[in-house]
Amino acid sequence: MAGHIQDRWYKTETRPNGKPVKVKTDRHGVGMRYRVRYVGPDGTEKPKSFPDKQKRKAETWLANIEADMSRGDYIAPEAGKVTFEQYATQWMKTQITDPATREAVEMRLRRHAIPHIGKRPIGSFNPTHLRL
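Residues numbered from 1 in each chain as written. Predicted model: local features only at pLDDT ≥ 70, side-chain atom pairs only at ≥ 80, totals over all residues. Heavy atoms only, no water.

**A look at helix α1 (residues 55–71)**
For α1, with 17 residues, the first-to-last C-alpha span of 24 Å sits near the 24 Å given by 1.5 Å per residue. Taken together, the buried positions of α1 are A58, L62, I65 and E66. Projection of α1 onto a plane perpendicular to its axis shows the buried side chains occupying an angular sector of 95 degrees, all on one side. In α1, the exposed residues that point more than 90 degrees away from the buried face are R56, K57 and R71. The secondary structure elements touched by the buried residues of α1 are β1 (3–7), β4 (34–39) and β5 (45–50). At the exit of α1 stands G72, carrying a positive phi of roughly 85 degrees. (Helix = DSSP H or I, 4+ residues; strand = E, 2+ residues; numbered from the N terminus. Expected span 1.5 Å × (residues − 1). Buried < 20%, exposed > 50% of the residue type's maximum accessible area, 1.4 Å probe, protein only. Arc of directions from axis to C-beta. Contact = heavy atoms within 4.5 Å.)

**Quick word on the sheet that holds β4**
Ordered by their spatial adjacency, 3 strands build an open sheet running β1-β4-β5, and the pairing between neighbours is antiparallel. Each edge of the open sheet is held by one strand with a lone partner, namely β1 and β5. Strand-to-strand twist in this sheet, taken as the mean axis angle between neighbours without regard to direction, amounts to 20 degrees. Where β1 and β4 come together, 5 bridges link them in antiparallel fashion. (Pairing = 2+ DSSP bridges. Axes fitted to C-alpha atoms, helices over the stretch in contact; angles between N-to-C directions.)

**A short note on the pairing of strand β2 (residues 10–14)**
As paired elements, β2 and strand β3 (residues 20–24) share 5 bridges and run antiparallel to each other. For K11, the partnering residue across the bridge sits in β3 and is V23. From the end of β2 to the start of β3, which pair antiparallel, there are 5 residues, and G18 there has a positive phi angle of about 90 degrees.

**Points about the pattern of salt bridges**
Tallied over the entire structure, the rule returns 10 salt bridges. Close ionic contact of E45 with R37 constitutes a salt bridge, the shortest N to O distance being 3.8 Å. Under the relative-accessibility criterion, E45 is labelled partly exposed at 49%. For D42, the salt bridge is made with K46, and the minimal N-O distance between the two is 3.5 Å. Connected via shared salt-bridge partners are D7, R33 and D52. (Salt bridge = Lys/Arg side-chain N within 4 Å of Asp/Glu carboxyl O.)

What is shown is where atoms sit, not what they do.
As structure tokens, then:
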């Protein structure tokens, strides 16, 4: 398992007789209860918090993340925060085309696409936004 779920309201302590018991923490009743943490493919730890009574939702979310990583479909959460304008500008720098095509594409992006969707994060798009 690549991650784990932490209950921030309770901790398990062992009694002198060896029996474990749940004890309230100083955070009990304050803020989000469950914190899910996993290590992404890049080696960094990524957290997400869930409120009280949503442990099953946290478990499902973690299972989906782990399945995505094992299939190779994982997309880092910060990757979707790049705006269309930033992505298009970077993409144009990597294109090797003749000068006339390059100018035509840059002009279309500058006049039509960027004014309308340039400030929008890439992660907010879905196929229905891009169909004609």
